[in-house]
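Reading the structure
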Amino acid sequence: MSYLELLRSMLGKPDAEFREGQLEAIESIVDGKRTLVVQKTGWGKSIVYFLATRVLRDKGAGITMIVSPLISLMTDQIKHAEKMGLKVVTINSKNEEEHSDVFNKLKKGEAIDAILISPERLANEEFRKVLFDMTDNVGLFVVDEAHCISDWGHDFRPDYRRIIEVIDKIPSTVPVLAVTATANENVVEDIKKQIPGINVIRGSMLRESLSLQCINIENYDERIAWLGKNIDKFDGPGIIYCSTIQTCKAVNKYLKNIGKRSELYTGKLSAEERNYVIDRFTGDPRKIDVIVATIALGMGFDMPDLKYVIHFSKPKNIIAYYQQIGRAGREIPEAYAVLLYGREDDIVNKYFVENAFPEDELMEQIIAASIDHQDTGLNVAEYEKYVNAKRGDIKKCIKYLEVNGDIYSQNKMYYKSASPWHIDRERAEIITARRYEELRQMTEFSKIDSCYMKYIARVLGDDKSCNCGKCSNCLGRDILDFEKVTEDEIAQARQLINDSSEELTPRKQWPLKDSLYELVGTRKIKIQDEYKIESGLCLSRYGNPGYGKMVRDEKFNDHYFSDELVDASVHLLRSFVHKNNIQWVTSPASNNYPELVKSFAERVADKLGLQYKDMFEKKNGKKNQREFHNSYYLFMNAYESQELISDGREMDHRNVLLIDDIADSQWTLTVCGYKLRKAESGLVYPFVLAYIDQNGDD
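Below, the structure is looked at part by part. Quantities reported herein were computed from a predicted structural model and do not represent experimental measurements.

Reading guide: rules and limits
Residues numbered from 1 in each chain as written. Predicted model: local features only at pLDDT ≥ 70, side-chain atom pairs only at ≥ 80, totals over all residues. Heavy atoms only, no water. Patch = residues over 30% accessible without salt bridge, like charges linked within 9 Å, V, L, I, M, F, W, Y side chains within 5 Å. Areas by Shrake-Rupley, 256 points an atom, 1.4 Å probe, with all protein chains shown as cover. Salt bridge = Lys/Arg side-chain N within 4 Å of Asp/Glu carboxyl O. Lys, Arg positive; Asp, Glu negative; His and termini not counted. Charge placed at Lys NZ, Arg CZ, Asp CG, Glu CD. Helix = DSSP H or I, 4+ residues; strand = E, 2+ residues; numbered from the N terminus. Buried < 20%, exposed > 50% of the residue type's maximum accessible area, 1.4 Å probe, protein only. Pairing = 2+ DSSP bridges. Phe/Tyr/Trp six-rings, centres within 6.5 Å; stacked < 30°, edge-to-face > 60°. Lys NZ or Arg CZ within 6 Å of the ring centre and 35° of its normal. Axes fitted to C-alpha atoms, helices over the stretch in contact; angles between N-to-C directions. Parallel < 35°, antiparallel > 145°, perpendicular 65-115°, else oblique. Left-handed = near helix turned anticlockwise from the far one by under 90°. Contact = heavy atoms within 4.5 Å. Nonpolar A, V, L, I, M, F, W, Y, C, P; charged D, E, K, R; others polar. Core = buried A, V, L, I, M, F, W, Y, C linked by side-chain atoms within 4.5 Å.

In this section: a negative patch on the surface. On the surface, Glu20, Glu24, Glu27 and Asp31 cluster together to form a negatively charged patch. Locating Glu24 in the fold gives a position in helix H2 (residues 22–30).

Below, the structure is given as structure tokens:
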């Protein structure tokens, strides 16, 4: 059967033809070459490696091994492969119950043509042993999303560094295929160094169906109003990308409030929740029209009729931007990509750049803790006692050190390896400088008056690209008939956002068991019901458009919360106070601004007709909560610094409103509530002006 016949059989289309570069890539693989394919999104890379697998297997070659982060696509890819008679299995975090069966089949040499694995599996010792034992039986090795190998890649992943170990063990006669849509010259050169002798096949980066436009809107409130006024002009399903979870929530709530069929998609949703959103978005009939997403809706999302992608703020770099807009217009002739941008975007992006690498001090602390506990090892939670960092940062640092060979894992416990420890600061500084250059490119792109698509293509190494003729700069006008928003519409958008208060869910567990007995009289992790605070309310998300931004600015610029915030809080709390029989108000103590929260709480209490009582003072010498970053340290500091200065007789078992300005970890609220309940207060209901989600922004 010819290559073309195999293609038509795979796709089930008797008139299918190869896209430019696909046949060249297949022939390169079948000829035994190591090949890097850089082609635009939606080009059809899986067609290349599955068709090549069919040809190689028919010639008696070993199995194909495919490393891919796209678990969401694995099922669809396997279906395509089965149309050519290929038997494909997969190993990933979502099918662990099937791993033993797959391992046994591999060990016995049963008829398997290809295995799809996620890069994280390469961290599993058992799997690596099976993998290295079978390298002599590999007929083709595929690295999907190969830019992840490179430090310079926009989506570099530490687990991908283990791939080179596997390639080094494969006989040099075995072809290797690396594929990506987002590799500039730096990435290509880096991959060529790591996989010597690789043949590079580049295609055009122009996406003919896409019309691009960048619009400068400095204020987030105005951007949200712009969405409300113009989103229907796109006439089809679309994605709105936001840089943080908080902004996603604000945008999604606003769209719902104005009657749009919108849903949220972030990395904090469960797999079931994410699948539910995608099914409602891509199903027939479609149940939602727009997804508001972080970058969690990333590689692997494939929707042929996606009409538009809007970026609510600037992405970190051109490469990520290209990949995200490339989800639109895959099988339709007209699609749109709009970038809204302003100066505030750079603050967020600079934060991500500056926090891309673990800090030297954090790495030193983890290495030191690992050495001190070499006999027993430490799990991730236990590192929190010895390392003042968020658990997410600890995990990221552990991953970095493990891949680097500085520590190793055994039964989920981590130990210092025999490798000498040193900080590669020069490498981190070089990569950070490159990231800042990428931010500069992104800013330059947003402001150019020449072809947007051509600029992107040149950054991606496509020097033969020409003007697209479809972007707003080429046309000399908006890509659609966009309308500007009025001040009244901006005010209405702000009000809708401000009306979006949320429930504040209390903590249910103490941090580590061995820190508790002396302090709270229990070795149980669960906070006893009689000492737990109740569910409360928060007025806003910190830094969000509307009240969230007002809280941030007034706290750190004015050191005083305005009457507008008092009135908004009273409006929100009045029925809540009545419903829960709240009879008095108090607040935690503060070092830096001792009157800030107290003054605010007193004014709220006065307008609610409640008594305010000072119940806490900050012990001398104790630090502020923001100097601590994980549950263990935050709990200990809050417990030791917030001293109750009144006895229980004054409380008389009456329910109390506990007011603070900003909640992130909630340990101050939890500890103050515990001490109030232990001193025989009534139920404790927390209220905060703003909440910070500590669980990340993806």
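Take the pairing of strand S8 (residues 210–216) next. With 6 of its 7 residues buried, S8 lies for the most part within the structure. Here S8 pairs with strand S13 (residues 335–341) via 7 bridges, running parallel. When the sheet's bridge partners are listed, Ile215 is paired in S13 with Leu340.

For the rest of this paragraph, the subject is the packing of aromatic side chains. All chains considered together, the criterion is met by 21 aromatic pairs. Aromatic pair Tyr321 and Phe445: ring centres 5.4 Å apart, planes at 55 degrees, arrangement tilted. Of this pair, Tyr321 sits in helix H12 (residues 318–325) while Phe445 sits in helix H17 (residues 425–447), and the two are 124 residues apart along the sequence. The burial state of Tyr321 is the same as that of Phe445; both residues are buried. Measuring from ring centre to ring centre gives 5.8 Å for Phe445 and Tyr455, while their planes differ by 45 degrees; the resulting arrangement is tilted. Linking Phe445 in helix H17 with Tyr455 in helix H18 (residues 452–459), this pair joins segments that are 10 residues apart in sequence. With respect to class, Phe445 is no different from Tyr455; both count as buried. Within the aromatic cluster, the residues linked to one another by ring pairs are Trp510, Tyr531, Phe635, Tyr639, Trp667 and Tyr674. The side chain of Arg223 reaches across the aromatic face of Phe312, ending 5.8 Å from its centre. Above the face of the Tyr639 ring, Lys675 is positioned so that its terminal group lies 4.3 Å from the ring centre.

Here we take up the pattern of salt bridges. Scanning the model with the defined rule gives 32 salt bridges in all. Notably, a salt bridge pairs Arg223 with Asp345, separated by 3.0 Å at the nearest N-O pair. Of the two residues, Arg223 sits in helix H9 (residues 220–230) while Asp345 sits in helix H13 (residues 343–354), which places them 122 residues apart along the sequence. Both residues of the pair, Arg223 and Asp345, count as buried. One continuous salt-bridge network, built from bridges that share partners, spans Lys45, Asp144 and Glu145.

Overall, mixed pairing links the 6 strands, which are arranged S16-S17-S23-S22-S18-S19 in an open sheet. Of all the strands in the sheet, just strand S16 (502–504) and strand S19 (611–612) have a single pairing partner and so form its edges. In this structure, strand S17 (residues 536–541) lies alongside strand S23 (residues 684–691), joined through 4 bridges in parallel fashion. For Leu537, the partnering residue across the bridge sits in S23 and is Phe687.

Another point: the packing of H12 against H18. The geometry of H12 relative to H18 is characterised by a closest axis approach of 10 Å and an angle of 120 degrees between their N-to-C directions. On the basis of the axis angle, H12 is oblique to H18. In the crossing of H12 with H18, the sense of the turn from one axis to the other is left-handed. Between H12 and H18, the residues in contact are Ile318, Tyr321, Tyr322 and Ile325 and Tyr455, Ile456 and Val459, respectively. By residue class, the composition of the contact of H12 with H18 is 7 nonpolar, no polar and no charged.

Attention now moves to the nonpolar core. Counting 76 residues, the largest nonpolar core has Phe141, Leu212 and Phe445 as the members making the most contacts within it. When residues in this core are grouped by element, the largest group, 6 residues, is from H18. With residues up to four places along the chain from it excluded, the contact list for Leu212 reads Tyr321, Ile325, Ala337, Phe445, Tyr452, Met453, Ile456, Cys471, Ser472 and Ile479. Within the second largest apolar cluster, 32 residues are counted, among which are Val30, Leu56, Leu116 and Leu177.

Residues Thr35 and Val37 line one face of strand S1 (residues 35–38) and the alternating positions Leu36 and Val38 line the opposite face, and both faces are buried. As judged from the 4 bridges shared by S1 and strand S7 (residues 199–202), these two strands associate in the parallel manner. From the neighbouring strand, Val37 faces S7, where its bridge partner is Ile201. Relative to strand S6 (residues 176–180), S1 runs parallel, the two being bridged by 4 bridges.

Function cannot be read off these values alone, since they describe shape.
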